[in-house]
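Structural overview for review
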Amino acid sequence: MPAATPRQPRLDRLRAALPGWLGGALAGAQSAALSYLVVLAPALAAVAGAPSLDGSAAVDWPGAATVATAVWLLGHGVPVTFGGATVSLVPLGMPLVSFAILVALARRFASKTWTSWALGVTAFAAGAALIGWLGGPAGDRAPSATRAALVGAVIAAPAVATGIWRAHGARLQLLDRIPGEVRAGMRLGLGTLAGLVATAAALGGAWAVLGMDRIATIASSLHMDPLGAGALALGETLYVPTMVCWMVAWLVGPGFIVGTGSLYAPDVVTPDTLPAVPLLGALPTAAGGWWAWAPLVVVALAVLARAGLHRRIGSDWASARATGVAIAVVAVGLVTLMAVSSGSAGPGRLGEVGAEPVPVMLIGTALVGAGYGLVAGAVAGWRWARGRLRGDDAPVAPAPDVREPSAPAR
């Protein structure tokens, strides 16, 4: 290993002195700490700038740390209890932040070995277990620590692998054994899901723009100081990906609920009293009319994805198998998105928030399958029409048996 020069930064010299496989453990441990600081620092800043309830100069540092720990644990799949009510709705922005930090640090520190990857995953899972233990209920901390460790490992495994791949390059020979139509189908299904999520995000942004007045009214009614408003904005930002998943359910058709008795769907909106959270002002407020045709956007997205990959997939029986794989990928993706974006957001009627996975999956796969079928039918119809116009259906004379002359013997 080459010696570090005095001009190298201290961090680079430390990295050069450590064994290569130890970089994975360093990446995992740093990622757990930094992802926790993402929520801890704003919480501490907010409580430091807010006046105390009793008029004294005391700052509730433990309370801020408790809230930050609860948000972090929620983001990593661990339900928390507030005022006797269990909250399990996941702020999906939190695992995305952890994933991004893991990728960046693994790219920086981890080496191209399975040991480095395993240490990175283990270190992050251990950090998550420690946070789960500290934030768990007194007397029964083990379940929170165990669940945080398992979810942390699920997040860290692909993230560390991605960081190593981006830094050093890697190729799994196992992928070469997967049939070509399966790989093409997975690419088609993931592309369709990506288009659906991107469209849902754009639609959610449009509803947020339309609801700017409601959002401003709710925010001004809270009478928060700048630091507290900033902390609230960060917490709401972590829930934006969760609302994008809700908009996927809205776009597919079944819609979602925000509390028992409510429904937000393209054909009907049944709102109910909502908590004073500015982000909820971005929920849809109109239904029926042209909005009822929103699920046709899913068909259009499937058509675009299938047409874009037509040359790679083709239109023979192999393409039918690839299409089946794509529909299966979409089904699994929709169920996963709905499952991770549903849960409890508080007591009473807020005990049910999100969308039902099964209806969204069934209707979504039917719409995607219709889009794929339209492309396949259009290609088949075009080939038939072209064959009729060119007379390709006429009998073709067999080609003469032409053989190259053999070389003369010497």
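Residues numbered from 1 in each chain as written. Predicted model: local features only at pLDDT ≥ 70, side-chain atom pairs only at ≥ 80, totals over all residues. Heavy atoms only, no water.

Applying the stated criterion across every chain yields a total of one salt bridge. With a closest N to O distance of 3.4 Å, glutamate 181 and arginine 321 form a salt bridge. Of the two residues, glutamate 181 sits in helix 7 (residues 180-210) while arginine 321 sits in helix 12 (residues 317-340), which places them 140 residues apart along the sequence. Arginine 321 sits in the partly exposed class, given a relative accessible area of 47%. (Salt bridge = Lys/Arg side-chain N within 4 Å of Asp/Glu carboxyl O. Helix = DSSP H or I, 4+ residues; strand = E, 2+ residues; numbered from the N terminus. Buried < 20%, exposed > 50% of the residue type's maximum accessible area, 1.4 Å probe, protein only.)

Its location among the elements puts proline 271 in the loop between strand 5 (269-270) and helix 10 (296-308). Taking the C-alpha atoms as reference, proline 271 lies 9.1 Å from glycine 259; in sequence the two are 12 residues apart.

So, about helix 10. With 13 residues, helix 10 should reach 18 Å at 1.5 Å per residue; the first-to-last C-alpha distance of 18 Å fits that figure. Residues of helix 10 that are buried: Val298, Val299, Leu301, Ala302, Ala305 and Arg306. Projection of helix 10 onto a plane perpendicular to its axis shows the buried side chains occupying an angular sector of 160°, all on one side. Seen from the open side of helix 10, the exposed residues pointing more than 90 degrees away from its buried face are Leu304 and Gly308. (Expected span 1.5 Å × (residues − 1). Arc of directions from axis to C-beta.)

Attention now moves to the confidence of the model for the chain. On average, residues of the chain score 84 in pLDDT, and 84% of them are at 70 or above. In this model, residues 393-407 is a region of pLDDT below 50 whose contacts with residues beyond four sequence positions or in other chains number two contacts. (pLDDT = per-residue confidence, 0-100. Contact = heavy atoms within 4.5 Å.)

Another point: the side chain of threonine 69. Of note, threonine 69 is situated in helix 3 (residues 61-75). Classification of threonine 69 by relative accessible area gives buried; the value is 10%. Setting aside residues up to four positions removed in sequence, threonine 69 forms contacts with Tyr36, Ile131 and Gly135.

How two aromatic rings sit relative to each other is given by the distance of their centres and the angle of their planes. Scanning all chains against the criterion turns up six aromatic pairs. With 5.9 Å between their ring centres and 70° between their planes, tryptophan 250 and tryptophan 291 make a pair best called edge-to-face. Of this pair, tryptophan 250 sits in helix 9 (residues 226-252) while tryptophan 291 sits in the loop between strand 5 and helix 10; the two residues are 41 residues apart in sequence, bridging distant segments of the chain. What makes tryptophan 291 partly exposed here is its relative accessible area of 32%. (Phe/Tyr/Trp six-rings, centres within 6.5 Å; stacked < 30°, edge-to-face > 60°.)

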